[in-house]
Amino acid sequence: MAIPAQQPVAGDSALRLHTRSGEIQVSGDTLYLPHPDATPVQLAPGPLALMRALMKAQGAVLSREHLLAVLPHCGSEHALEMWVSRLRQALPDPSMVKTVVKRGYRLVV
């Protein structure tokens with residue numbers, strides 16, 4: 001039986017992260033940013049899962065290996081790079097997701 005789109009799925013509860021510029025929140029598939037004129041951003045499942053992982057890390061660097069382990073539907077480093085690219089494209093400020101050379105990715109908080 002399919003789950004209606006409005007009903008949250010297990011693990012899709014609201015996630016909040018306090019940053020220097022305000023609170024970032026993910027609720028369902030929507031990202032809410034602290035900027036006064038920022039509109040809510042609806043994310044595809046892959047970039048959404050990546051954003052949740054980065055938010056849970058609270059600014060710490062997550063290695064590609066770690067991300068591939070915690071994102072089961074992301075089967076390769078190429079797919080992970082695509083998810084990072086799509087997440088950056090969806091954000092009003094793409095520099096929120098930083099590449100840390102030879103280490104991985106982190107959310108700028």
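A brief report on the enclosed structure follows. Just so we're clear, the structure is a prediction, and the values are computed from it rather than from any experiment.

The next thing to look at is the pairing of strand β6 (residues 104-107). By the bridge criterion, 4 bridges tie strand β5 (residues 97-100) to β6 in an arrangement that is antiparallel. Considered in β6, the bridge of Val 97 is made with Leu 107. Between β5 and β6, which pair antiparallel and follow one another directly, the connecting turn spans 3 residues, one of which, Lys 102, has a positive phi of 65°.

Here we come to the environment of Met 82. Tracing the backbone shows Met 82 in helix α3 (residues 77-90). Given the relative accessible area of 30%, Met 82 is considered partly exposed. Along the chain, Met 82 and Gly 46 lie 36 residues apart, while their C-alpha atoms are 9.1 Å from each other.

Between helix α1 (residues 45-56) and α3, the least distance of the axes is 9 Å, while the angle of their chain directions is 85°. The orientation of α1 relative to α3 falls into the category roughly perpendicular. Across from Gly 46, Pro 47, Leu 50, Met 51 and Leu 54 in α1, the residues of α3 making contact are Leu 80, Trp 83, Val 84, Arg 86 and Leu 87. Classifying every residue of the contact of α1 with α3 by side-chain character gives 8 nonpolar, 1 polar and 1 charged.

What follows deals with the sheet that holds strand β4 (residues 41-42). Ordered by their spatial adjacency, 4 strands build an open sheet running β1-β2-β3-β4, and the pairing between neighbours is antiparallel. At either end of the open sheet lies a strand with only one pairing partner, and these are β1 (15-19) and β4. Bridge analysis of β1 against strand β2 (residues 22-27) gives 5 bridges, and the strand direction is antiparallel. In the sheet register, Arg 16 faces β2, and the bridge partner there is Gln 25.

Because each turn of an α-helix spans 3.6 residues, side chains separated by three or four positions end up pointing in the same direction. Counted at 1.5 Å a residue, the expected span for α1 with its 12 residues is 16 Å, and the 16 Å between its end C-alpha atoms agrees. Within α1, 9 of the 12 residues are buried, which leaves the element mostly enclosed by the surrounding structure. Restricting attention to buried positions, one finds in α1 the residues Gly 46, Pro 47, Leu 48, Leu 50, Met 51, Arg 52, Ala 53, Leu 54 and Met 55. Backbone geometry just after α1 places Gln 58 at a positive phi near 50°.

What is expected of a backbone is that most residues other than glycine have negative phi and most peptide bonds are trans. In the Ramachandran plot, Gln 58 falls in the positive-phi region, its phi being about 50° despite a non-glycine side chain. Tracing the chain through its elements places Gln 58 in the loop between α1 and α2 (64-70). Positive phi, normally seen in glycine, also occurs at Lys 102, with a value near 65°. Tracing the chain through its elements places Lys 102 in the loop between β5 and β6.

Criteria and cut-off values
- In this numbering scheme, every chain counts its residues from 1 along its sequence in written order.
- Selection of residues for local features in this predicted model requires a pLDDT of at least 70, selection of side-chain atom pairs for listing and counting requires 80 or more, and totals for whole chains, interfaces and linings are taken over all residues.
- As a rule here, side-chain values come from all non-hydrogen atoms in the structure, and water together with hydrogens is ignored.
- At least two DSSP bridges between two strands are needed for those strands to be called paired.
- Helix numbers and strand numbers start at the N terminus; a helix is a DSSP run of H or I with at least 4 residues, a strand a run of E with at least 2.
- For every residue, the accessible area (1.4 Å probe, protein chains only) is compared with the maximum for its type, and the residue is labelled buried under 20%, exposed over 50%, or partly exposed between those bounds.
- Lines fitted to the C-alpha atoms define the axes, with helices restricted to the stretch that makes contact. Angles between their N-to-C directions range from 0 to 180 degrees.
- Just so you know how the angles are binned, under 35 degrees is roughly parallel, over 145 roughly antiparallel, 65 to 115 roughly perpendicular, and the rest oblique.
- Residues count as neighbours in contact if any of their non-hydrogen atoms are within 4.5 Å of one another.
- Any residue that is not Ala, Val, Leu, Ile, Met, Phe, Trp, Tyr, Cys, Pro, Asp, Glu, Lys or Arg is counted as polar, Gly included; the first ten are nonpolar and the last four charged.
- To estimate the expected span of a helix, count its residues, drop one, and scale the result by 1.5 Å.

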